[in-house]
Amino acid sequence: MPKVNLLVRAGQMVPAHDKPAFPDGAVAISGEKIEAVGTYEELSGRYPKAKVVGGQKFLLIPGLINGHGHGRGLTDFQRGARDNTLETWLLDTRKYIPVSTYDDIAYSAARLLKAGVTTTMHNHILKDPTAYEAEFEEALEAYGDAGIRVQFNPGVRNANPFVYGDNKAFLDNLPEKLRSALTAPSPEGSLTGENFVQAVQDLHSRSNTPMSRIGFGPLAPQWCTNELLMDVRKAAEALQAPIHVHAVQSIFQKVYGLQFLGRTLIEYMNDIGFLGPLLVVGHCVWPTEKDIELLAQTGTAVTHHPSCNLRVRNGISPAFHMLEAGVLVGLGLDGKSINDDDDIIQEMKVCFLLHRIPSLELNSPHLTARQVFKMVTENNASLLGYGEELGRLEPGRYADLVLLDYKRMGYPFVDPSHDPVEVLLYRGLGSHVHTVIVNGRITVKDGKLLTMDEEKIGKRLAKASSRQRTEKEKMLVDMMDELKKYAVAYYKGWPGKVKTEPYFEINSRIDALK
Ligand SMILES: [Zn+2]
């Protein structure tokens, strides 16, 4: 019989999204895996020598999974970018004072763990395109030191560098100085569309482990050539590794597909043979009915980032409609949660509330707490390639689990007839997380991170960020501000190119009885 070293006990246990809450439950852990799930009485009798953590006042759930992120320890807002429409906001993100990749990611991992995230997807956007190998190593080292599981996808873009569509016309319109600064060739040895697949294959061969699974992150169908997407698809199939893109995030991306490709971006990806079960589409705010059907038919997954979509003015993704149509939909923080703090429990709540769809039928369906719970556990596990290994408390799966202070969550009283998953969504906060176990290892105890000195890392980040910008960095800030004005002018009138009523605004203003 395998040696059970840890018994995790709770007054309420929800082993999976489709299992009822269980009073006085326990999970027995042997090394990295779950050995047994049952009542505390039964398991403590079977494994009398195991160390016991938890107790009556706790709620025990599977580890929460962040389906989409970029490992930003200091948030975009903290680094100076103000939320605005994606197309201009992205230019603000190029103005940051650089910080250490290790510190940035380690700090982000610390915050995620403390909110109950045991696995996170990381799409890596390079700071220095020539130092890609070193950056990948630093990133994986940071996740390893934090003790969080990561599904890591290096990013790349090789098309539409400035705007969607006619980049030549856009560049021709710029003042000479700005144009020549922007069109300087990328330095020797950079990660490009040419060497991207090889670089990811190399990383996969040296670093693909259960704690760090490697996949592909070509940034978006509008930012990558057809050839690059197909090379990625082929390599991903050979490795059975996930591919993550960002797509149909803004109305401008929708118009771009229709205007420049003669079809939606989802139809385009389907036509070139890029959709499929290995692909995850981040955001997917503006799909058509046909797009949703294509996603469901091809087994393509979607991650929904509700707060991020609100913050960069993308709108509200039809996540509930996609789920109803049979699309595998997960949930991602994308580093822009409602309170700017990567609290995934709050993000679950935003998702839950946003999709309480109004209806003239009082008993019509809407997103339920259990569906949101499924999105962050089983669905995210599946789309990150951990289908049979994570997302449920079941023997044989990795021991990733979270204990929350359920007494404090409901204090001083909460009606016992409520499902604990609903109590979690209505009243839960990341700060109710008490103990986090990843791969059988306790990483957070009493709400405190055991694996790293996060205060020290935070101090280093603050110090690095608070210095004055160099003259060169100041020039970059001015350049991005100038470029923003040209981007605003380039996209002017685009929404008029597509039928937007009555669904463009959050609520239709069409007379109801006409
Ligand atoms: Zn993203």
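Residues numbered from 1 in each chain as written. Predicted model: local features only at pLDDT ≥ 70, side-chain atom pairs only at ≥ 80, totals over all residues. Heavy atoms only, no water.

The next subject is the overall build of the protein chain. For the protein chain, the count of helices and strands is 19 helices and 17 strands. Here the C-alpha radius of gyration of the protein chain, 23 Å, is about what a compact globule of 514 residues would show, namely 24 Å. For the C-alpha atoms alone, the extent of the protein chain along its principal axes is close to 75 × 60 × 45 Å. Classification of the 514 residues of the protein chain by burial places 56% in the buried group. Nonlocal contacts in the protein chain, meaning residues at least 24 apart in sequence, comprise 76% of its contacts between residues at least 6 apart. Taken as a whole, the protein chain presents about 22,600 Å² of accessible surface, with 52% of it coming from carbon and sulfur. (Helix = DSSP H or I, 4+ residues; strand = E, 2+ residues; numbered from the N terminus. Rg over C-alpha atoms; globule rule 2.2 N^0.38 Å. Buried < 20%, exposed > 50% of the residue type's maximum accessible area, 1.4 Å probe, protein only. Contact = heavy atoms within 4.5 Å. Areas by Shrake-Rupley, 256 points an atom, 1.4 Å probe, with all protein chains shown as cover.)

With that settled, the discussion passes to the sheet that holds strand S15 (residues 433–438). What holds strands together in a sheet is hydrogen bonding between their backbones, with the strands either parallel or antiparallel. Taking strand neighbours across the sheet as the criterion, the eight strands line up as S3-S2-S1-S4-S14-S15-S16-S17 in an open arrangement whose pairing is mixed. Only two strands of the sheet have a single neighbouring strand rather than two, namely strand S3 (33–39) and strand S17 (448–449). Two elements, strand S4 (residues 51–62) and strand S14 (residues 401–405), share five bridges in a ladder whose sense is antiparallel. Residue pairing across strands places Ile61 opposite Val402, the latter belonging to S14. Against the sheet, helix H3 (residues 101–114) touches S15, strand S16 (441–445) and S17, its axis set at about 115 degrees to S15. (Pairing = 2+ DSSP bridges. Axes fitted to C-alpha atoms, helices over the stretch in contact; angles between N-to-C directions.)

Distances from the zinc ion to its protein donors, namely His68 (NE2), His70 (NE2), His246 (NE2) and Asp334 (OD), fall within the range 2.1 to 2.5 Å. Metal-centred angles of 82 to 174 degrees between the four donor atoms at the zinc ion mark the site as irregular. Linear spacing of the donor residues for the zinc ion on their chain is H-x1-H-x175-H-x87-D. Each member of the pair, His68 as well as His70, carries the same accessibility label: buried. (Donors = N, O, S within 2.8 Å, 3.2 Å for Na, K, Ca; no water. Tetrahedral: all angles 85-135°; square planar, octahedral: opposite > 155°, others 65-115°.)

Next up on the list: the packing of helix H15 (residues 369–383) against helix H17 (residues 420–427). For the pair H15 and H17, interaxial distance at closest approach is 9 Å and the crossing angle is 80 degrees. What the angle tells us is that H15 and H17 run roughly perpendicular. Counting all contacts with H15, which are made through Ala369, Arg370, Val372 and Phe373, the residues of H17 involved are Val421, Glu422 and Leu425. (Parallel < 35°, antiparallel > 145°, perpendicular 65-115°, else oblique.)

Turning our eyes to something else, we now look at the sheet that holds strand S12 (residues 301–304). Ordered in space as S10-S11-S12-S13, the four strands form an open sheet in which the pairing is parallel. Either end of the sheet is taken by a strand with one partner, and the two such strands are strand S10 (243–247) and strand S13 (329–331). The sheet shows a mean angle of 30 degrees between the axes of neighbouring strands, direction not considered. Alignment of S10 against strand S11 (residues 279–283), held across five bridges, turns out to be parallel. In the sheet register, Ala247 faces S11, and the bridge partner there is His283.

Bringing the environment of Glu422 into the picture now. Along the chain, Glu422 falls in helix H17. Separated by 52 residues in sequence, Glu422 and Arg370 have C-alpha atoms that sit 7.7 Å apart.

Below, the discussion takes up the packing of aromatic side chains. By the definition in use, this model includes 15 aromatic pairs. Ring plane angle 55 degrees and centroid distance 6.1 Å describe the contact between Tyr132 and Phe136, whose orientation is recorded as tilted. Here Phe136 and Tyr132 lie together in helix H4 (residues 132–146), a separation of four residues that amounts to about one turn. Neither residue differs from the other here; Tyr132 and Phe136 are each classed as buried. The structure contains a cluster of three or more aromatic residues connected by ring pairs, namely Tyr164, Phe170, Trp223, Phe252, Tyr256, Phe260, Tyr490, Tyr491 and Trp494. Sitting above the plane of the Tyr40 ring, Arg9 keeps its charged end 3.8 Å from the centroid. (Phe/Tyr/Trp six-rings, centres within 6.5 Å; stacked < 30°, edge-to-face > 60°. Lys NZ or Arg CZ within 6 Å of the ring centre and 35° of its normal.)

Let us now look at the pairing of S12. Covered by surrounding structure in S12 are Ala301 and Thr303 together with Val302 and His304, the residues of both alternating faces. In the classification by handedness, the crossover that spans S11, the intervening helix H11 (residues 289–298) and the parallel S12 is right-handed. In terms of strand pairing, S12 meets S13 through three bridges, oriented parallel. Opposite Thr303, over in S13, you have Gly330 as the bridge partner. (Right-handed = clockwise from strand over helix to strand, strands pointing away.)

A few words now on H4. Between its terminal C-alpha atoms H4 stretches 21 Å, which fits the 21 Å expected from 15 residues at 1.5 Å a residue. Those residues of H4 that fall on the buried side of the exposure criterion are Tyr132, Glu135, Phe136, Ala139, Leu140, Ala142, Tyr143 and Ala146. The buried side chains of H4 occupy one side of the element, clustering within an arc of 155 degrees when seen end-on. Against H3, strand S6 (117–124), strand S7 (149–156), helix H7 (196–207), strand S8 (212–214) and S16 lie the buried residues of H4. In the stretch just after H4, Gly147 is the one whose phi turns positive, near 85 degrees. (Expected span 1.5 Å × (residues − 1). Arc of directions from axis to C-beta.)

Inspection of the secondary structure puts Ser337 in the loop between S13 and helix H14 (344–354). For Ser337, a relative accessible area of 1% puts it in the buried group.

In the contact formed by H4 and H7, the axes pass within 11 Å of each other and the chain directions differ by 35 degrees. Where H4 crosses over H7, the two elements pack in a sense that is right-handed. Where H4 abuts H7, its residues Tyr132, Glu133, Phe136, Glu137 and Leu140 lie against Ala199, Leu203, Arg206 and Ser207. Classifying every residue of the contact of H4 with H7 gives five nonpolar, one polar and three charged. (Left-handed = near helix turned anticlockwise from the far one by under 90°. Nonpolar A, V, L, I, M, F, W, Y, C, P; charged D, E, K, R; others polar.)

Below, the discussion takes up a nonpolar patch on the surface. The grouping of Leu310, Ile316 and Ile338 at the surface amounts to a nonpolar patch, some 230 Å² of accessible area in total. Its place among the elements puts Ile338 in the loop between S13 and H14. (Patch = residues over 30% accessible without salt bridge, like charges linked within 9 Å, V, L, I, M, F, W, Y side chains within 5 Å. Salt bridge = Lys/Arg side-chain N within 4 Å of Asp/Glu carboxyl O.)

Our next topic: the side chain of His355. In this structure, His355 sits in the loop between H14 and H15. The exposure class assigned to His355 is buried, which follows from its relative accessible area of 2%. Not counting residues within four places of it along the chain, the set of residues in contact with His355 comprises His304, Ile316, Ser317, Ala319, Phe320, His366 and Leu367.

In protein structure, a disulfide is the covalent linkage between the sulfur atoms of two cysteines. A complete count under the given rule lists zero disulfides for this structure. We note that Cys284 lacks a disulfide partner, and the nearest cysteine sulfur, in Cys308, lies 14 Å from it. (Disulfide = S-S within 2.5 Å.)

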